[in-house]
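In case you want the letters, here they are:
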Amino acid sequence: MSLKKIVIKTPEEIEGMRAACRDAALVLDFIEPYVKAGVTTEELDDLMLKYMTEELKDVSACLGYSSGGETPYPKATCISVNHQICHGIPDQKVLKKGDILNIDVTVIKNGFHGDTSRMFKVEPVSIAASRLCEITFNAMWKGICMVKPGAHFGDIGYAIQQYVGPTGCSIVREFGGHGVGRGFHEEPFVAHIGKMGEGPEMKPGMIFTIEPMINAGKHALKIMPNGWTAVTKDRSLSAQWEHTVLVTETGYEVLTVSPGCPQPPSWVK
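This write-up is about the structure you can find in this document.

About the thresholds
Residues numbered from 1 in each chain as written. Predicted model: local features only at pLDDT ≥ 70, side-chain atom pairs only at ≥ 80, totals over all residues. Heavy atoms only, no water. Helix = DSSP H or I, 4+ residues; strand = E, 2+ residues; numbered from the N terminus. Rg over C-alpha atoms; globule rule 2.2 N^0.38 Å. Buried < 20%, exposed > 50% of the residue type's maximum accessible area, 1.4 Å probe, protein only. Contact = heavy atoms within 4.5 Å. Areas by Shrake-Rupley, 256 points an atom, 1.4 Å probe, with all protein chains shown as cover. Lys, Arg positive; Asp, Glu negative; His and termini not counted. Charge placed at Lys NZ, Arg CZ, Asp CG, Glu CD. Pairing = 2+ DSSP bridges. Axes fitted to C-alpha atoms, helices over the stretch in contact; angles between N-to-C directions. Salt bridge = Lys/Arg side-chain N within 4 Å of Asp/Glu carboxyl O. Phe/Tyr/Trp six-rings, centres within 6.5 Å; stacked < 30°, edge-to-face > 60°. Left-handed = near helix turned anticlockwise from the far one by under 90°. Nonpolar A, V, L, I, M, F, W, Y, C, P; charged D, E, K, R; others polar.

A few words now on the overall build of the chain. Counting its secondary structure elements, the chain contains 4 helices and 15 strands. Relative to its length of 269 residues, the chain is compact, with a C-alpha radius of gyration of 17 Å against a globular reference of 18 Å. Projected onto its principal axes, the C-alpha coordinates of the chain cover approximately 50 × 45 × 40 Å. Counting the 269 residues in the chain, one finds 54% classified as buried. Long-range contacts, defined as pairs at least 24 residues apart, comprise 72% of the intrachain contacts of the chain with a sequence gap of at least 6. As presented, the chain carries roughly 11,700 Å² of accessible surface, and 55% of it is formed by carbon and sulfur atoms. Distance from the positive charge centre (27 side chains) to the negative charge centre (31 side chains) of the chain: 6 Å.

Encoded structure:
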């Protein structure tokens with residue numbers, strides 16, 4: 001991975017990213033009260049698309065997206081329920097009590113991509129499901145706390161791995177974070193396992209996502225026939241949280257924040 005491929009954003013581009021990322025977070029704020037038993041994931045997707053386009057005047061980056069080769073993604077968001085790891089396609093699936101789900105939103109605002117995801121629970125959920133959601137949230141923040149100029153991208157994966165390992169959960173290898181800006185997926189790939197000091201060095205102006213996917217069982221996955229949705233091979237529950245992060249002159253700034261965004265764990269300085 002060449003450092004030259006990692007885009008250093010200008011102050012103007014950083015402002016554009018702040019606006020796009022805030023809008024992505026606002027979409028998740030908006031949908032929260034609608035996530036309840038009896039609603040379909042397609043209904044949630046329709047509501048979010050309408051909010052994105054009519055209220056925020058943004059475009060869904062997911063709708064029609066293709067990185068080349070696969071069938072274009074057919075919906076505005078990704079909604080991954082229970083054992084679905086990521087890229088769950090909204091459909092007529094009805095949510096029921098006990099379900100956990102990740103909603104992943106990427107909007108395009110004035111040419112910039114804002115990317116974030118959160119876990120939602122259809123209460124009451126099991127203690128095991130709640131624990132998985134909390135472990136994954138903490139894992140994301142363990143990674144975020146490693147971000148600063150001079151650090152290396154391997155440091156993020158190392159911190160997440162050190163935290164998740166003792167819990168008995170497993171970390172998905174095949175998917176990770178990524179650079180983001182004018183492009184949906186830019187360099188670098190941000191692995192959620194790693195070694196201290198490995199990978200490119202972080203520099204002010206870099207923007208990327210940290211989005212660990214944690215399984216309650218083993219890390220093995222398979223891709224469903226739709227070509228998009230990844231599920232746990234052992235059908236264990238999976239969870240994911242995602243923020244977009246800017247490397248500042250002294251540390252980091254989380255860009256995907258909003259009034260309804262969950263606050264960091266108490267141990268985050």
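Spatially, 3 strands are ordered E3-E12-E11 in an open sheet, and the strand pairing comes out antiparallel. Whereas interior strands pair on both sides, the edge strands pair on one side only; in this sheet they are strand E3 (84–86) and strand E11 (221–223). Averaged over all adjacent pairs, the angle separating strand axes in this sheet is 40°, with direction ignored. Bridge analysis of E3 against strand E12 (residues 230–232) gives 2 bridges, and the strand direction is antiparallel. Paired with Gln84 across the two strands is Val231, which belongs to E12.

Looking now at the pattern of salt bridges. Across all of its chains, the model carries 10 salt bridges by this definition. Of the charged contacts in the structure, one is a salt bridge between Asp23 and Lys109, with a shortest N-O distance of 3.0 Å. Note that Asp23 is positioned in helix H1 (residues 11–31) and Lys109 in strand E4 (residues 100–109), a separation of 86 residues in sequence. A relative accessible area of 8% places Asp23 in the buried class. In this structure, Asp58 and Lys109 form a salt bridge, with 3.3 Å as the shortest nitrogen-oxygen distance. Pair noted here: Asp58 is in the loop between helix H2 (41–55) and strand E1 (59–60) and Lys109 is in strand E4, with a separation of 51 residues, a long-range link. Asp58 sits in the buried class, given a relative accessible area of 3%.

As enumerated under the stated definition, the model contains 7 aromatic pairs in all. Arranged with centres 4.3 Å apart and planes meeting at 5°, the rings of Phe30 and Tyr51 form a pair that is stacked. Residue Phe30 is found in helix H1, and its partner Tyr51 is found in helix H2; the two are separated by 21 residues along the sequence. Residue classification places Phe30 among the partly exposed residues on the basis of a relative accessible area of 21%. In this structure Tyr51 comes out as buried when scored by relative accessible area, which is 17%. Centroid distance Phe153 to Phe208: 4.8 Å. Interplanar angle 70°. Geometry classified as edge-to-face. Note that Phe153 is positioned in helix H4 (residues 153–164) and Phe208 in strand E9 (residues 207–210), a separation of 55 residues in sequence.

Packing of helix H3 (residues 127–144) against H4 brings their axes to within 8 Å, and their N-to-C directions diverge by 145°. Considering the relative orientation of H3 and H4, their crossing is right-handed. Touching Ile135, Asn138, Ala139, Lys142 and Gly143 of H3 are Ile156, Ala159, Ile160, Tyr163 and Val164, all from H4. Residue composition of the contact of H3 with H4, grouped by class: 7 nonpolar, 2 polar and 1 charged.

Once that is clear, we can look at the sheet that holds strand E13 (residues 238–240). Sheet architecture is open: 3 strands sit in the order E6-E10-E13, paired in antiparallel fashion. If you trace the sheet from one side to the other, it starts and ends with strand E6 (170–171) and E13, each paired once. Lying on the sheet, H3 is in contact with strand E10 (213–215) and E13; it crosses E13 at an angle near 35°.

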